[in-house]
Amino acid sequence: MGSESMASYKSSTGILNFLLISLLDSSLIVSCIASKFNQEFDISWGNGRGKILNNGDLLTLSLDKTSGSGFQSKNEYLFGKIDMQLKLVPGNSAGTVTTYYLKSPGNSWDEMDFEFLGNLSGDPYTLHTNVYSQGKGDREQQFRLWFDPTADFHTYSILWNPKLIIFSVDGKPIREFKNLESIGVPFPKKQQMRIYSSLWNADDWATRGGLIKTDWTRAPFTASYRNFKADACIWSSGRAACPSRKSWLWQKLDATSFQRLKWVQKNFMIYNYCTDTKRFPLGFPPECSVNM
Ligand SMILES: *[C@@H]1O[C@H](CO)[C@@H](O)[C@H](O)[C@H]1NC(C)=O
C-alpha cells in the first residue's frame, strides 16, 4: 500500500465535476466541520465511565479507584490531518494520565502519542510525546504548555503524510518527525492506524516517578473532548480512500511554522531523547542528526 493507490480519488478541475464530487464525496463536506462522536468513536472500555453527550458533540472519560475508561475510532486512517480538542482533569490530577494517540495493529506497529501527565493543583502538566515506527519507540520528547490545559479546551493535532509527522498544539507545531528512510530510519507510511484515548491511573510512575499518589478523595476524575476533525484518508478493504482536496498530503513546515516550532522547543521542551547523553552514551539514534 503506497502513495500511488492513495491517489485513487483523483481531484477534478471542472466546476461540474467539482459540484458532483461535493455531493458524492461526503468527506469533502464533513472535513470542514466537527464530527459527531457517536458516529466516529466507540467507548471501548470503562463500564459506563466513558460517555458521549450533547447529541454527540461532547465526550467525557472518567477515572475512579475501580477503573479508568477509553474510546477508539471506528475508522482506521493512513495519513491525515487530525484535530481534537481536550480539556484535561482539573485540580489535583497527580497520578492520572490522559492518553491520545494513533496506533496500528500487530507486532511491528507504528504509533504517535500525546500523553498528558497530571500534577498537583497549581503544578504544571507534562505533555509527553513519542513516535514508534515498526515497533520501535524510545523517541520521547516532553513539553510544558503555555496555558492551563484544564481551564479550557485546546486543540491537539497530528499532521501525518508520507514525508513527515507534525504534532501541534493550538496550531503551533511542537514536534516534527521527518521521513528519514534515506538514512535507514523506518517511517510510518504503510500501516493504517486507529485513534485511541484513555484516562487511567499511573501513580506507580507518572508523578515524580511514583512518589505522588492519586488522591482518590477527588475521584471521579474527568477529561473532556470536543470538535474532532479528521481530514484524513480512511482505510477500507485494504486501501486508503482520501478526500478530494488534501493539500496536507504534501505539506511541509513553512518558515513561520518553523520559527514557531523553534520557539516552543526553546521555551517549553523539558526533555528530548536526542540530547540525553546518559541514555545514549554510544551515540544518538540516527534521526537525531536531522530531527530535533
Ligand atoms: C509537576 O510539577 C513539578 C513542580 O513544578 C514538576 O517538577 C514536575 O515535572 C511536574 N510534572 C509531573 C508530571 O510531575
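Residues numbered from 1 in each chain as written. Predicted model: local features only at pLDDT ≥ 70, side-chain atom pairs only at ≥ 80, totals over all residues.

A.B. asks: Teacher, can you tell me more about the overall build of the protein here?
C.D. replies: Along its length, the protein carries 5 helices and 15 strands. Burial status across the protein gives 35% buried among its 292 residues. If you take every contact in the protein between residues at least 6 apart in sequence, the share linking residues at least 24 apart comes to 68%. (Helix = DSSP H or I, 4+ residues; strand = E, 2+ residues; numbered from the N terminus. Buried ≥ 20, exposed ≤ 12 C-beta atoms within 10 Å, placed from the backbone. Contact = placed C-beta atoms within 7 Å.)

A.B. asks: Please clarify how the UniProt feature "active site" (unreviewed entry) in the protein should be interpreted in this entry.
C.D. replies: Within this structure's numbering, the places UniProt gives as "active site" (unreviewed entry) are Glu111 and Glu115. You can call Glu111 partly exposed: it has 18 C-beta atoms within 10 Å. Turning to its location among the elements, Glu115 is positioned in strand β6 (residues 111-117). Setting aside residues no more than four positions away along its own chain, Glu115 makes contact with Val97, Thr99 and His128. (UniProt positions renumbered as here; feature names shortened; annotations may be inferred.)

A.B. asks: Would you mind showing me how to read the environment of Arg175 here?
C.D. replies: Take Arg175: it is sitting in strand β11 (residues 172-178). Residues Arg175 and Gln265 lie 90 residues apart in sequence; the distance between their C-alpha atoms is 8.0 Å. The contacts of Arg175, once residues within four sequence positions are left out, are Thr129, Gln141 and Phe167.

A.B. asks: Is there a simple way to think about the nonpolar core in this case?
C.D. replies: Burial of nonpolar side chains together is a common tendency in soluble globular proteins. Counting 52 residues, the largest nonpolar core has Tyr77, Phe79, Phe116, Ile158, Ile165 and Cys233 as its most contacted members. In this view, Phe116 contacts Leu88, Val97, Thr98, Tyr125, Leu127 and Pro149; residues no more than four positions away in its chain are not counted. (Core = buried A, V, L, I, M, F, W, Y, C linked by C-beta atoms within 7 Å.)

A.B. asks: Teacher, can you tell me more about unusual backbone geometry here?
C.D. replies: Trans peptide bonds make up the majority, and among non-glycine residues the majority have a negative phi. A cis amide bond links Ala219 to the next residue, Pro220, at an omega of 0°. Relative to the elements of secondary structure, Pro220 occurs in the loop between β12 (193-201) and β13 (221-236). In the Ramachandran plot, Asn227 falls in the positive-phi region, its phi being about 50° despite a non-glycine side chain. Mapped onto the fold, Asn227 is located in strand β13. What makes Asn227 partly exposed here is the crowd of 15 C-beta atoms within 10 Å.

A.B. asks: So what exactly am I meant to see when it comes to the confidence of the model for the protein here?
C.D. replies: Detail in the predicted coordinates should be disregarded across regions flagged by low pLDDT. Chain-level statistics for the protein give a pLDDT mean of 89 and a share of 88% at 70 or above. Note that pLDDT drops below 50 for residues 1-31; the model gives that stretch 32 contacts with residues more than four away or on any other chain. (pLDDT = per-residue confidence, 0-100.)

A.B. asks: What is the right way to look at the pairing of strand β9 (residues 154-160) in this model?
C.D. replies: Look at any regular strand and the pattern is simple: side chains alternate between the two faces of the sheet. Here β9 lies mainly inside the structure; 5 of its 7 residues are buried. Here strand β4 (residues 69-87) pairs with β9 via 7 bridges, running antiparallel. The residue of β9 that forms the bridge with Met84 is Tyr156. Where β9 lies against strand β10 (residues 164-169), 5 bridges are found, and the strand directions are antiparallel. Across the sheet, residue Ser157 finds its bridge partner in β10, namely Ser168. Taking the residues that link successive antiparallel strands as the turn, the β9-β10 hairpin has 3 residues. (Pairing = 2+ DSSP bridges.)

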